Amino acid sequence: MYSLRLDSQKQGYSIIDKVISHRQLGEQKIPATLSFANEAIFLNYLSKTAEFMRFQALTQQSLEQDGLLLDWLIRYPFKVMQYAEVWPQLLKVCAYFETHPQPDCYIRQLDIKGVDSQIY
């Protein structure tokens, strides 16, 4: 635990203890909270910096296309990363259905530029 505390000072986070009373051992300090100085240190600690940057880019792209997606993005953030590889194509499909709410054709007949028919 001592080495972990030393490492925490170098890495930019702190370990906050709480004191508990044990009837046989007396008062004991145990770790209760990790506190990170900023978001970058937290993401680096989790090794998720690149994934978070990708998530931010995809959500920004989504909100620029349609602000109504905000509630959906808040409700289903993991879906964005689950479909990250095809996200731009999914946004194109959404935009198509906004302009053509009832296209009166089979889904395989939709002509959406840059979107393979297998995506939908």
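In case you missed it, the structure is sitting above this.
Bear in mind the structure is a predicted one, so any value in this text is a computation, not a measurement.

**Q** Help me understand the nonpolar core in this model?
**A** As a rule of thumb, nonpolar side chains are buried together in soluble globular proteins. Formed by Leu58, Leu69, Leu73, Val80, Ala84, Trp87 and Leu91, the largest nonpolar core amounts to seven residues. Residues within four places of Leu91 in sequence aside, it is in contact with Gln61, Ser62, Gln65 and Leu69.

**Q** How should a nonpolar patch on the surface be read in this particular structure?
**A** Together, Leu34, Phe42, Tyr45 and Leu46 make up an exposed nonpolar region whose accessible area comes to about 360 Å². Within the secondary structure, Phe42 sits in helix H2 (residues 39–46). We classify Phe42 as partly exposed; its relative accessible area is 36%.

**Q** Looking at this structure, how should I read the pattern of salt bridges?
**A** For side chains of opposite charge, pairing can occur when their charged atoms come near one another. Counted by the stated rule, this structure contains two salt bridges. Close ionic contact of Glu51 with Lys48 constitutes a salt bridge, the shortest N to O distance being 3.1 Å. By relative accessible area, Glu51 is classed as partly exposed at 36%. We note a salt bridge from Glu85 to Arg54, for which the minimum N-O separation is 3.5 Å. Taken together, the positions of Glu85 in the loop between helix H5 (77–82) and helix H6 (87–99) and Arg54 in helix H3 (residues 49–65) put the pair 31 residues apart, joining distant regions of the chain. The class of Glu85 is exposed, set by a relative accessible area of 65%. Taking the relative accessible area as the measure of exposure, Arg54 reaches 34% and is therefore partly exposed.

**Q** I would appreciate a short explanation of H6 in the present structure.
**A** Note on helix geometry: an α-helix contains 3.6 residues per turn, so any two residues three or four positions apart are oriented the same way. With 13 residues, H6 ought to run about 18 Å at 1.5 Å a step, and its terminal C-alpha atoms sit 19 Å apart, in line with that. Those residues of H6 that are buried lie in contact with H3, helix H4 (70–75) and H5.

Conventions adopted
- Residues numbered from 1 in each chain as written.
- Predicted model: local features only at pLDDT ≥ 70, side-chain atom pairs only at ≥ 80, totals over all residues.
- Heavy atoms only, no water.
- Core = buried A, V, L, I, M, F, W, Y, C linked by side-chain atoms within 4.5 Å.
- Buried < 20%, exposed > 50% of the residue type's maximum accessible area, 1.4 Å probe, protein only.
- Contact = heavy atoms within 4.5 Å.
- Patch = residues over 30% accessible without salt bridge, like charges linked within 9 Å, V, L, I, M, F, W, Y side chains within 5 Å.
- Areas by Shrake-Rupley, 256 points an atom, 1.4 Å probe, with all protein chains shown as cover.
- Salt bridge = Lys/Arg side-chain N within 4 Å of Asp/Glu carboxyl O.
- Helix = DSSP H or I, 4+ residues; strand = E, 2+ residues; numbered from the N terminus.
- Expected span 1.5 Å × (residues − 1).

Shape is all these values report; function is a separate question.
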